[in-house]
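Next come the chains, spelled out residue by residue.
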Amino acid sequence: MEIYQGNVTMKLKFIALAAAMTVGQAFAYFGFGVHYAPAFNAKLQSSGGYSEVTPDNIKSLNSDLLKAKIDYMHDGMEAPMIHGLGFKIWVDSLTFVDFEATLNLQYGSYDARIRTEVTKPNLSDPTNPALAETAVNEKDLQIDLSGTPFGMARPKFVTMNGDLSVTYAFLTNLITIVRPYIGAGVSVFMNTFVMDDDFIKDLVNDQEIQGMLIGSLDGTATEEAEAAAEKNAQLIKEKIKDKAKEQSLNYSIGGHVILGARIRFPYLPIAAYINGKYYFGNDMPKEVTTSNIAAEAGIGLSF
């Protein structure tokens, strides 16, 4: 009799365990995935055309016969969205709430260019301003993004964020495959600098550039204005690439709210997810505005 009761008890425990596992098949306790992560309505303010960034001490040396001038401009960035990529891990807790951690990177490109102007006297009549020769050289700028998929590329504004979210699943008693959830959490934001006028004005105070510009104002030099303008522009372009490598990321801390859903495919260790986030507390450069809205849509493994 005791043996019979023991067998019945074991069978009941097995049935209860099997039932729990069957219910648990709808969602994993742990998962990770990769997703497309666009940010919406991100805008970079244009410089509004060329502005002069010639150092003041060089301006004081300029005349109608001898002049070295530097102008800079960058275009704006205005798009319905900027592209991004991200990664996510999540834990479906046995308690009241779930947890997920996300890392996103979004980027947008803009054009920037430098213009150098050199005026030199005509050697046949070096005192006549009417015969002075003026040459202008314009170059598109690139920056070295080694270690990224971009390589040598147009200037880019890149924003990154790491999110830790606490979420609450709802309607789980009505829906078995889809797990809708809502939540909130903390975010750490990182973004790159914008190559604005202040960046270039600071750059042209470099001693090598200053010496080159002063050399352009040597009226006895045989170098033609066109060659001098080309040399000036090329050196400044290379200095900009070097200076851009030295720029550090801007950090800020804020938060987000999230609304989304995960889909667990029955009998397969595969899950899909989609969610939207609204961010706050992100300290962006003054030239950049955004709606603070981003999305995530991806697929991953779940266990």
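As a starting point, this report considers the structure included with it. Just so you know, these numbers come straight off a predicted model, no measurement behind them.

Let us now look at the overall build of the protein chain. Check the secondary structure of the protein chain and you find five helices and 18 strands. Counting across all 303 residues of the protein chain, residues that qualify as buried make up 41%. When contacts within the protein chain are restricted to residue pairs at least 6 apart in sequence, those whose partners lie at least 24 apart make up 75%. For the protein chain, the computed accessible surface area is about 16100 Å², with 62% contributed by carbon and sulfur atoms.

Turning next to helix α4 (residues 207–216). Considered for burial, the residues of α4 that qualify are Ile209, Gln210, Met212, Leu213 and Ser216. Buried residues of α4, viewed axially, fall in a sector of 165 degrees; they line one side. Each element contacted by the buried residues of α4 is listed here: α2 (56–59), β5 (67–74), β9 (112–120), α3 (197–203) and α5 (225–245).

Quick look at the packing of α4 against α5 now. Contact geometry for α4 and α5: axes closest at 10 Å, N-to-C directions at 175 degrees. Taken together, the axis directions place α4 and α5 in an arrangement best described as roughly antiparallel. Contacts from Glu208, Ile209, Met212, Leu213 and Ser216 of α4 reach α5 at Ala228, Lys231, Asn232, Leu235, Ile236 and Lys239. Its residues assigned to classes, the contact of α4 with α5 shows six nonpolar, two polar and three charged.

A few words on the pattern of salt bridges. Per the stated rule, a full pass over the model turns up 20 salt bridges. Where Arg179 meets Asp92, a salt bridge forms, and the shortest distance between an N and an O atom there is 3.8 Å. With a gap of 87 residues between them, Arg179 in strand β14 (residues 178–191) and Asp92 in the loop between β7 (81–91) and β8 (98–109) connect regions that are remote in the sequence. For the pair Arg179 and Asp92, one class covers both residues: buried.

Here we take up the environment of Asn205. In this structure, Asn205 sits in the loop between α3 and α4. Residue Asn205 is classed as partly exposed on the basis of its relative accessible area of 46%. Each C-alpha atom of the pair Asn205 and Asn57 lies 9.7 Å from the other, and the pair is 148 residues apart in sequence. Beyond its immediate chain neighbours, meaning those up to four positions away, Asn205 contacts Pro55 and Gln210.

What counts and how
- Residues numbered from 1 in each chain as written.
- Predicted model: local features only at pLDDT ≥ 70, side-chain atom pairs only at ≥ 80, totals over all residues.
- Heavy atoms only, no water.
- Helix = DSSP H or I, 4+ residues; strand = E, 2+ residues; numbered from the N terminus.
- Buried < 20%, exposed > 50% of the residue type's maximum accessible area, 1.4 Å probe, protein only.
- Contact = heavy atoms within 4.5 Å.
- Areas by Shrake-Rupley, 256 points an atom, 1.4 Å probe, with all protein chains shown as cover.
- Arc of directions from axis to C-beta.
- Axes fitted to C-alpha atoms, helices over the stretch in contact; angles between N-to-C directions.
- Parallel < 35°, antiparallel > 145°, perpendicular 65-115°, else oblique.
- Nonpolar A, V, L, I, M, F, W, Y, C, P; charged D, E, K, R; others polar.
- Salt bridge = Lys/Arg side-chain N within 4 Å of Asp/Glu carboxyl O.

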